[in-house]
2 protein chains.
Amino acid sequence: MKALLCANGTLALQECEKPERRGNEVLIRVSRAGICSTDLEIVRGYVPGFSGVLGHEFFGHVEEADDASLIGKRVTAEINCACGKCDYCNKGMQRHCPRRTVIGIVNRNGAFAEYIAVPRENTIVIPDELPECSAILIEPLAAAMEVLEQITIGKEQSVLLVGDGRLAQLIGRVLLSEGISLTVAGKHQSKLDLLKRQGARTFLPDRFSPSPFDIVIEASGKPEGFVRALACVKPRGTIVLKSTYAGGFQFNPSSVVVNEISLVGSRCGKFSEAIGFLQKYKPDFSYMISARYPFSQALEAFEKAKGKGVLKVVLEME
Amino acid sequence: MKALLCANGTLALQECEKPERRGNEVLIRVSRAGICSTDLEIVRGYVPGFSGVLGHEFFGHVEEADDASLIGKRVTAEINCACGKCDYCNKGMQRHCPRRTVIGIVNRNGAFAEYIAVPRENTIVIPDELPECSAILIEPLAAAMEVLEQITIGKEQSVLLVGDGRLAQLIGRVLLSEGISLTVAGKHQSKLDLLKRQGARTFLPDRFSPSPFDIVIEASGKPEGFVRALACVKPRGTIVLKSTYAGGFQFNPSSVVVNEISLVGSRCGKFSEAIGFLQKYKPDFSYMISARYPFSQALEAFEKAKGKGVLKVVLEME
């Protein structure tokens, strides 16, 4: 089969062995996969030593499984593959299992390939009524919804979202759907306009002189976003951190201490919550798809995904 | 009067005007003042442009006040002098008033002087039964107790304190008094032994290979403490940040995001809580006082306070 391999920061579309199922794994023929900022950051070195197939946002159809009722089903997969035995797993914290592998990120091949094998317990059947553009966004939408799993936002609280990219768009959509009054500070007018149409107040950096906010969600994917979030949060306020990237920045936590700020790291969320959201609100996420490429043009797709103003770039495997 | 002035990072004991009361201020003849790590950091540049009298841990006797019943009373002062009118003040968040001055730290002369004038509402009468070594620690003890105002620590949770210095000693004392099982990672055997005698498990860095902790309190006063705290906290755990210092360090928040860590900045606390603690537990804090200097030797006292293994150094004004 063909797969997009990443080794030492270099991408190559290569012919590889089709994966074999191990244990209770399910073999999926990948249909579509989305390129995430994390994929771009891994190529830039965010996961030192990463070597393998990238890709963790996808859906496909089950080709082999112990459970015959799964064959042919349209599925995606929860990306954290847990051991199922440790204290974290026993507490329902599989996403934090210290022995986990993570599809396309940590010690497990990802979905930028014609086939992927994933544990049965990670396999999620996608309801038939969900259109393709929603099905492909289940993983990042779950990550967006994790914010509301971790913090409670009162209707009277002021909320700033820093960033207007792929993940920020989904976070904005979730918060606005929940009736939360939202301000967005972004860098791209076209992306800000998408959130403005949904009811957000939006600002470009040079026109932004904010009153401080009770809650700031940092999803810019850039170190500058952290600095902006700190500058925009009220004393005793909360900053939710969603960005992961290679590199870092010079930081002095004194202002966090003096202003008694809370910072809350936030990563993956529950796929069931994301599917529930898609079924409840039936969002038309076609605006999130900036471009589609046949898998044979995966390298061009990666170049496209790096561009300014670009949201989700989709690889089509079949 | 004599006062210890700090300007451009240089300390000098000088003859100055005795302060005049403004508005409802109370004039206090300073009796004792403690040197805090924040004082040392201000000299190192932690508060850019600071120029004035340092010192915010003190007690003295009221010499002048509108309220005659205060005259002669032994008092200290809550260090955050709020405007009393803004939204923060109206919500009871005077310590976060954006227009506040802070005794010996922000735009207000401090207590390393023979006299200090402070607002009436900041003046706290010290109960007669509290010994001198407790009276002088009310401010840092309140800061230590702020941790328990901000987070709830369950009896089953594992807690690591990073640091064994002045503030860390008080935090350790508070947590141990509340029956919390505590591990301390410090650098000075003699200081660790003080906490060990109170029931803490203690470790020097080279002997420390911890299982991760539910809660880590970073009170080392050093950037390395932050790095250690991050390395020692469980996924979904909480780090309380107590250290303020000049300078910074290279930081990538990705591990905070991936492990969904919460960081909680923590600064000053309520003096009433600290006094309540002192009355309830009657701790003998004489072990916290490493040295006493007559005010005329304030510069020597500062040198002493920088030394390893040294806890509180006290200036005696009378």
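For the structure itself, consult the block above.
Scoring rules and cut-offs
Residues numbered from 1 in each chain as written. Chains lettered and ligands numbered in written order. Predicted model: local features only at pLDDT ≥ 70, side-chain atom pairs only at ≥ 80, totals over all residues. Heavy atoms only, no water. Least-squares fit on C-alpha atoms with pLDDT ≥ 70 in both. Contact = heavy atoms within 4.5 Å. Buried area = accessible area lost by both parts, 1.4 Å probe. Salt bridge = Lys/Arg side-chain N within 4 Å of Asp/Glu carboxyl O. Polar contact = N/O pair within 3.5 Å; in protein donor to acceptor, adjacent residues only side chain to side chain. Pairing = 2+ DSSP bridges. Helix = DSSP H or I, 4+ residues; strand = E, 2+ residues; numbered from the N terminus. Axes fitted to C-alpha atoms, helices over the stretch in contact; angles between N-to-C directions.

**Remarks on the relation of the copies chain A and chain B**
Relating one copy of the chain to the other takes a rotation about an axis and a shift parallel to that axis.
Next up, step 1: Of the transformation superimposing chain A on chain B, the axial component is 0.0 Å and the angular component is 180°, with the fit at an RMSD of 0.0 Å. The operation mapping one copy onto its partner corresponds to a two-fold rotation axis.
Next up, step 2: Comparing interface residues between copies, 100% of those in chain A also sit at the interface in chain B, which points to an isologous, same-surface contact.

**Let's talk about the interface of chain A and chain B**
Interface size is commonly expressed as the accessible area that is lost once the parts come together.
Next up, step 1: Listed per partner, the contact involves 39 residues of chain A and 39 residues of chain B.
Next up, step 2: Each partner contributes to the roughly 3,200 Å² buried at the junction of chain A and chain B, and carbon and sulfur atoms together form 51% of this total.
Next up, step 3: In terms of surface lost to chain B, no three residues of chain A exceed His96(A), Val257(A) and Glu260(A), which account for 18% of the buried area on that side.
Next up, step 4: Run the count over chain A and chain B and you get 2 salt bridges.
Next up, step 5: Inspection of the region where chain A meets chain B yields 21 residue pairs in polar contact (both at pLDDT 80 or more).
Next up, step 6: Sheet topology note: the strand 17 (residues 262-265) of chain A/strand 17 (residues 262-265) of chain B ladder contains 3 bridges and is antiparallel. Note on strand 17 of chain B: the bridge partner recorded for Leu263(A) is Leu263(B).

**Here's the deal with the sheet that holds strand 1 (residues 2-7) of chain B**
All names here are of chain B.
Next up, step 1: If you trace the 3 strands from one edge of the open sheet to the other, you get 2-1-4, paired in antiparallel fashion. Lying at the two open borders of the sheet, with one neighbouring strand each, are strand 2 (10-15) and strand 4 (51-53). In this sheet, neighbouring strand axes are inclined to one another by 25° on average, regardless of whether the strands run parallel or antiparallel.
Next up, step 2: Both strand 1 and strand 2 contribute to a ladder of 6 bridges, which runs antiparallel. Across the sheet, Leu 4 pairs through a bridge with Leu 13, a residue of strand 2.
Next up, step 3: In the packing of helix 10 (residues 298-305) onto the sheet, the strands contacted are strand 1 and strand 2, and the crossing angle to strand 2 comes to about 155°.

**Describing the sheet that holds strand 1 (residues 2-7) of chain A**
Residue and element names in this part refer to chain A.
Next up, step 1: As summarised here, the arrangement of the 3 strands in space is 2-1-4, forming an open sheet in which the pairing is antiparallel. The open sheet has two edge strands with one neighbour each: strand 2 (10-15) and strand 4 (51-53). For this sheet, the mean inter-axis angle between neighbouring strands, taken without regard to orientation, is 25°.
Next up, step 2: When strand 1 meets strand 4, the two strands line up antiparallel, connected through 3 bridges. Counterpart to Cys 6 in the pairing with strand 4 is Gly 52.
Next up, step 3: Each of strand 1 and strand 2 is contacted by helix 10 (residues 298-306), which is oriented at about 155° to strand 2, the strand it contacts most.

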